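# Summary of the model geometry
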Amino acid sequence: MSTNYDELAARAERGDLTVKPGPVRRGTEAATEAQRLLMEATGTTNADELAALAIR
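What you are looking at is a predicted structure, and each value in this text was computed from that prediction instead of being measured.

Definitions and cut-offs
Residues numbered from 1 in each chain as written. Predicted model: local features only at pLDDT ≥ 70, side-chain atom pairs only at ≥ 80, totals over all residues. Heavy atoms only, no water. Helix = DSSP H or I, 4+ residues; strand = E, 2+ residues; numbered from the N terminus. Polar contact = N/O pair within 3.5 Å; in protein donor to acceptor, adjacent residues only side chain to side chain. Contact = heavy atoms within 4.5 Å. Salt bridge = Lys/Arg side-chain N within 4 Å of Asp/Glu carboxyl O. Buried < 20%, exposed > 50% of the residue type's maximum accessible area, 1.4 Å probe, protein only. Axes fitted to C-alpha atoms, helices over the stretch in contact; angles between N-to-C directions. Parallel < 35°, antiparallel > 145°, perpendicular 65-115°, else oblique.

The topology assignment puts Leu17 in the loop between helix H1 (5-14) and helix H2 (27-42). Sequence separation between Leu17 and Arg56 is 39 residues; the distance between their C-alpha atoms is 31 Å.

Structure representation (structure tokens):
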């Protein structure tokens, strides 16, 4: 996979990127994983801290 983020962004905007079958998460599993990844990326430790960042 390319690490040229401008190229990846352009491809995503054009709809050229595809999802591989299997790793797609939905529902509660997706929400839990998304929250975990956001907390990891922002350095927060709970949903309240994460929500406070979103309000800023």
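And the narrative resumes.
Before going further, it helps to spend a moment on the side chain of Thr44. In this fold, Thr44 is placed in the loop between H2 and helix H3 (47-55). Among the polar contacts listed, one links the side chain of Thr44 to the side chain of Thr42, at a separation of 3.1 Å. Not counting the four nearest positions on each side in its chain, Thr44 is found in contact with Met39, Glu49, Leu50 and Leu53.

Overall, the coordinates contain three salt bridges when judged by the stated rule. Glu33 serves as the salt-bridge partner of Arg36, at 2.9 Å between the closest nitrogen and oxygen. Residue Arg36 and its partner Glu33 are both found in helix H2; the two are separated by three residues, about one turn of the helix. Residue Arg36 is joined to Glu40 by a salt bridge in which the shortest nitrogen-to-oxygen separation is 3.0 Å. In this pair, Arg36 and Glu40 are both assigned in helix H2, four residues apart and thus about one turn of the helix distant. Note on Arg36: relative accessible area 39%, which makes it partly exposed. Via salt bridges that share partners, Glu33, Arg36 and Glu40 belong to a single interconnected network.

A few words on the packing of H2 against H3. For the pair H2 and H3, interaxial distance at closest approach is 10 Å and the crossing angle is 70°. For the element pair H2 / H3, the angle class is roughly perpendicular. Along its contact with H2, which presents Gln35, Leu38, Met39 and Thr42, the element H3 presents Ala47, Leu50 and Leu53.

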